[in-house]
Amino acid sequence: KTQSSSIRKKKGALAWPLKSRILVAYGQTTNSGVKLSGVHLSPQKRSEQGKQVHALGQGQVRYADWFGGYGLMMIVDYGHGIMAVYAHNDALHKQLGDWVEHDEVLAEAGSTGWIEDVRLYFEIRDKGKPVNPSRWCKK
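What counts as what
Residues numbered from 1 in each chain as written. Predicted model: local features only at pLDDT ≥ 70, side-chain atom pairs only at ≥ 80, totals over all residues. Heavy atoms only, no water. Helix = DSSP H or I, 4+ residues; strand = E, 2+ residues; numbered from the N terminus. Rg over C-alpha atoms; globule rule 2.2 N^0.38 Å. 1 Å grid on protein atoms, 1.4 Å probe; cavity = no way out; pocket = protein on both sides within 12 Å on 5 of 7 lines; lining within 4 Å. Points joined across faces, edges and corners; volume = space filled by probe spheres on them. Nonpolar A, V, L, I, M, F, W, Y, C, P; charged D, E, K, R; others polar. Buried < 20%, exposed > 50% of the residue type's maximum accessible area, 1.4 Å probe, protein only. Polar contact = N/O pair within 3.5 Å; in protein donor to acceptor, adjacent residues only side chain to side chain. Contact = heavy atoms within 4.5 Å. Salt bridge = Lys/Arg side-chain N within 4 Å of Asp/Glu carboxyl O. Core = buried A, V, L, I, M, F, W, Y, C linked by side-chain atoms within 4.5 Å.

Overview of the overall build of the protein chain
The helix and strand inventory of the protein chain stands at zero helices and 10 strands. Along its sequence from the N terminus, the protein chain presents helices and strands in the succession β-β-β-β-β-β-β-β-β-β. Computed over its C-alpha atoms, the radius of gyration of the protein chain comes to 14 Å, within 12% of the 14 Å expected for a compact globule of 139 residues. In terms of overall dimensions, the protein chain has a C-alpha envelope of 40 × 25 × 25 Å along the principal axes.

Examining the layout of surface pockets
A water-sized probe rolled over the atoms picks out the places where empty space is left. The computed volume of the largest pocket comes to approximately 500 Å³. Taken together, 22 residues make up the lining of the largest pocket; nearest its centre are Thr30, Ser32, His40, Trp114 and Ile115. Residue composition of the lining of the largest pocket, by class: seven nonpolar, nine polar and six charged. Considered as a void within the structure, the second largest pocket measures approximately 170 Å³ in volume. Residue classes in the lining of the second largest pocket are distributed as one nonpolar, six polar and two charged.

Comments concerning the side chain of His54
In this structure, His54 sits in strand E3 (residues 52–54). Given a relative accessible area of 19%, His54 falls into the buried group. Here the side chain of His54 touches Asp103 through a polar contact of 2.8 Å, landing on its backbone oxygen. Ignoring any residue separated from it by four or fewer positions in sequence, one finds His54 in contact with Pro17, Tyr86, Asp103, Glu104, Val105 and Leu106.

Description of the pattern of salt bridges
Across all of its chains, the model carries five salt bridges by this definition. Residues Arg119 and Asp117 are paired through a salt bridge, measuring 3.0 Å at the closest nitrogen-oxygen approach.

With respect to the nonpolar core
With 25 residues, the main nonpolar core has Leu56, Val76, Tyr78, Tyr86, Leu106, Leu120 and Phe122 as its most contacted residues. Looking at this core, the elements with two or more residues in it are strand E2 (39–43), strand E5 (72–77), strand E6 (82–92), strand E8 (105–109) and strand E9 (120–126). With near-sequence residues (within four places) excluded, Leu56 lies in contact with Ile7, Leu14, Ala15, Pro17, Tyr78, Ala84, Tyr86, His102, Phe122 and Ile124. Counting residues in each nonpolar core, the second largest holds seven residues, with Met73, Val85, Ala87 and Tyr121 among its members.

Distances and angles like these do not, on their own, reveal function.
Structure (structure tokens):
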């Protein structure tokens, strides 16, 4: 399976995985005192469609399971050293090893793990280091 084009070339123009607003920004500290390596996104709509989490591009699922305080978590490898973490989901629609297409629904944002409201924890990693998703996704 080939990557159509590097996700790196789309830096700054990627669609956010969820139609949402940022609740807790990159580098901010949450109520529980954790400094975020990603962002907490709150869905604009509470409908089933409003909570759909979409893929940033073509990639492969590297993790899809429960992960402690993150609840149901998925990690997608988009190639070229870029991975994204999606956590606190109520449902995962993909499994380990699955290939995903751009904009495909990966999961449903939820309230699993150490949170009480519906949200998505979203993190982009570049060669293993967390980077600010706001620099990668469209304003």
